[in-house]
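Geometric and topological summary
Chain by chain, the residues run as shown.
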Amino acid sequence: MNVAGYAAKSNSSDEKDPVPLREIKEYDESEKPRGLFYPPLQCYFCKSSIQFVFYSDLGNVDIIITNQSTGERYVDGFDTLVGMRSVDISGSSGVYYIEINTENGMYVGIYNY
C-alpha cells in the first residue's frame, strides 16, 4: 500500500522532498482498510538529514537508513511521542533505503538523491 506520493528531487538545499513510504503488514480480512487510508507518519529527505513526522503514537520505532550506493548506514531509535525527529546523514548522492520498524508493523521507502 503506497502511503505517500512520488518524491521529486528538489534543486534547493532548503527544501525537503517527501519520500514515498509503503506499509509492510499482513492483514486478516477483518483488519483490512476499506476506505481512505491516512498514514500515521511521513518522511522527508533534506540535503543532510532525513526528517520523520509522526501524526499518531506508534510507540517506539527503530529506523535504519542505508545508502545503497556507498554502503553508509545510519541507525536510530526513539519514541514517536516526540512528534518529529531528524536523522543526520552525510548527504552523499546515492539510493537511500529507509526502513521504519514500529511496534505494529514496518514501513519502507526508497529515495534517489
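Here we summarise the structure given alongside this text. (Residues numbered from 1 in each chain as written. Predicted model: local features only at pLDDT ≥ 70, side-chain atom pairs only at ≥ 80, totals over all residues. Heavy atoms only, no water.)

**Some details on the overall build of the chain**
Check the secondary structure of the chain and you find zero helices and nine strands. Going from the N terminus to the C terminus, the chain shows its helices and strands as β-β-β-β-β-β-β-β-β. Buried residues in the chain amount to 42% of all 113 residues. Of the roughly 6,600 Å² of accessible surface on the chain, a fraction of 46% belongs to carbon and sulfur atoms. (Helix = DSSP H or I, 4+ residues; strand = E, 2+ residues; numbered from the N terminus. Buried < 20%, exposed > 50% of the residue type's maximum accessible area, 1.4 Å probe, protein only. Areas by Shrake-Rupley, 256 points an atom, 1.4 Å probe, with all protein chains shown as cover.)

**Considering the sheet that holds strand E1 (residues 17-19)**
In space, the four strands of this open sheet follow the order E1-E3-E4-E7, with antiparallel pairing throughout. Because the sheet does not close on itself, it has two edges, and the strands there are E1 and strand E7 (84-88). Going from strand to strand, the sheet's axes swing by 30 degrees on average, the running direction of each strand aside. Of the strand pairs in this sheet, strand E3 (residues 41-46) and strand E4 (residues 49-54) are connected by six bridges, and their pairing is antiparallel. Bridged to Cys43 within E4 is Phe52. (Pairing = 2+ DSSP bridges. Axes fitted to C-alpha atoms, helices over the stretch in contact; angles between N-to-C directions.)

**Brief notes about the nonpolar core**
In summary, soluble globular proteins display a tendency toward joint burial of nonpolar side chains. Formed by 21 residues in total, the largest nonpolar core has its most connected members in Ile50, Phe52, Ile65, Ile98 and Ile100. Sorting the residues of this core by element identifies E3, E4, strand E5 (60-67), strand E6 (73-79), strand E8 (95-101) and strand E9 (106-112) as the ones contributing at least two each. Once you skip the residues sitting within four places of it in the chain, Ile50 turns out to touch Cys43, Tyr44, Phe45, Ile65, Arg85, Ser86, Val87, Ile89 and Ile98. (Core = buried A, V, L, I, M, F, W, Y, C linked by side-chain atoms within 4.5 Å. Contact = heavy atoms within 4.5 Å.)

**Looking at the sheet that holds strand E2 (residues 21-24)**
In spatial order, the strands read E2-E9-E8-E5-E6; together these five strands make up an open sheet with antiparallel pairing. Pairing within the sheet leaves two strands with one partner each, and these edge strands are E2 and E6. Taking the axes of each pair of neighbouring strands and ignoring which way they run, one obtains an average angle of 15 degrees across the sheet. Bridge analysis of E8 against E9 gives seven bridges, and the strand direction is antiparallel. Counterpart to Asn101 in the pairing with E9 is Met106.

**A closer look at the environment of Pro18**
Among the structural elements, Pro18 can be located in strand E1. On the accessibility criterion, Pro18 (35% relative accessible area) is partly exposed.

**Here we look at the packing of aromatic side chains**
By the definition in use, this model includes four aromatic pairs. Here Phe45 and Tyr96 contribute two aromatic rings whose centre-to-centre distance is 5.3 Å and whose plane-to-plane angle is 55 degrees, an arrangement assigned as tilted. One end of the pair, Phe45, is in strand E3; the other, Tyr96, is in strand E8, and 51 residues separate them in sequence. Grouping residues by exposure puts Phe45 and Tyr96 together as buried. The interplanar angle of 75 degrees and the centroid separation of 5.8 Å between the aromatic rings of Phe54 and Phe78 together place this pair among those described as edge-to-face. Here Phe78 lies in strand E6 and Phe54 lies in strand E4, a separation of 24 residues in the sequence. (Phe/Tyr/Trp six-rings, centres within 6.5 Å; stacked < 30°, edge-to-face > 60°.)

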